[in-house]
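Here is how the chains run, residue by residue.
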Amino acid sequence: RMKERRFSDEWLKQRLVLFEKHTYPSILSQTDQDFEWVGLVHKDSPGWFVDSFESFPRIRIELVEKDTDVGNPGDSTVNLDSDDALASQFVQISKSKLDHRVLYFVNGLKFDGEVYITWSSDANPFNVVPAGELTVLDRDHGAESWPDSKCIERFIPMWLQVIHGDNISNRLKRPRASKAQDYRTQVRPFFKGECIPQANPPL
């Protein structure tokens, strides 16, 4: 059922909306633009969906059967889903911190359409795998997949997960109101461009 859902026009159109609203602007706003962005699109995706990426010239599209079909162990890699976003200094800080260990950014935000909520977790997918024999795609999507060698960093916040009710695996139980973030003072400095709505969410 999940496979059929991912290839439905309704599902793909929703993912494009999320991608254009959150993911793509966060990449354009990176303070360090010296990186290559490869968009992995399943080879059986409808033509209109593949063609839509012509509107996003920063991305090099690869048609694949599965995620692990693409990857160069000679490069440091990080995975970014089409409904997530990165803080504007993610690439810059990652480069400054990378060594032989997998780099984890523990702190981020979750956004449910109304409020931004601080989130801290060692088990999140925003890890950076240094150049070597493996890429970030060679293991399961999540921090627990790399237990052997890791470097934990606690910058606040470094990533954003959007909870939109149609996520594949990500869910949100809203914590107490004190954890909610004010957009103007606590979110905007880290996430620039149009990657998050301009309106101030209620606390």
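Residues numbered from 1 in each chain as written. Predicted model: local features only at pLDDT ≥ 70, side-chain atom pairs only at ≥ 80, totals over all residues. Heavy atoms only, no water.

> Hey, could you run me through the overall build of the protein in this one?
If you tally the helices and strands in the protein, you get five helices and 11 strands. In the protein, buried positions account for 44% of the 203 residues. Nonlocal contacts in the protein, meaning residues at least 24 apart in sequence, comprise 71% of its contacts between residues at least 6 apart. With an accessible surface of roughly 11000 Å², the protein has 49% of that area assigned to carbon and sulfur atoms. (Helix = DSSP H or I, 4+ residues; strand = E, 2+ residues; numbered from the N terminus. Buried < 20%, exposed > 50% of the residue type's maximum accessible area, 1.4 Å probe, protein only. Contact = heavy atoms within 4.5 Å. Areas by Shrake-Rupley, 256 points an atom, 1.4 Å probe, with all protein chains shown as cover.)

> It is not clear to me how the nonpolar core should be interpreted in this structure. Could you clarify?
Formed by 24 residues in total, the largest nonpolar core has its most connected members in F19, W37, F53, F56, I59, F105 and M158. Residue assignment for this core shows that the elements contributing at least two residues are helix 2 (9-28), strand 1 (37-42), helix 4 (90-97) and strand 5 (102-105). A per-element tally of this core places helix 2 first, with six residues. Non-local contacts of I59, meaning those with residues more than four positions away in its chain, are made with F19, Y24, W37, V38, G39 and F53. Counting seven residues, the second largest nonpolar core, distinct from the first, contains A85, L109, F111 and V162. (Core = buried A, V, L, I, M, F, W, Y, C linked by side-chain atoms within 4.5 Å.)

> What am I meant to see in the environment of T135 here?
Within the fold, T135 resides in the loop between strand 8 (127-129) and strand 9 (150-153). Separated by 57 residues in sequence, T135 and V78 have C-alpha atoms that sit 8.1 Å apart.

> How should the pairing of strand 1 be read in this particular structure?
On strand 1, burial follows the alternation: W37, G39 and V41 on one face are buried, whereas V38, L40 and H42 on the facing-out side are not. Across six bridges, strand 1 lies against strand 2 (residues 59-64) in parallel orientation. Looking at strand 2, one finds that H42 is bridged to V64. (Pairing = 2+ DSSP bridges.)

> How should the environment of N79 be read in this particular structure?
Tracing the sequence through the fold places N79 in the loop between strand 3 (77-78) and strand 4 (84-86). With 58 residues separating them in the primary sequence, N79 and L137 have C-alpha atoms 7.4 Å apart. Residues contacting N79, with those up to four places away along its chain left out, are P125, N127, V136, L137 and H141.

> What is the right way to look at the packing of aromatic side chains in this model?
For any two aromatic rings, the description comes down to two numbers: the centre-to-centre distance and the angle of the planes. Applying the stated criterion to the full structure yields 13 aromatic pairs. A network of ring pairs unites the aromatic residues F19, Y24, W37, W48, F49, F53 and F56 as a single cluster. Sitting over the ring of F35, R58 keeps its end group 4.2 Å from the ring centre. Of note, K110 hangs over the ring of W119, and the distance from its end group to the ring centre comes to 4.3 Å. (Phe/Tyr/Trp six-rings, centres within 6.5 Å; stacked < 30°, edge-to-face > 60°. Lys NZ or Arg CZ within 6 Å of the ring centre and 35° of its normal.)

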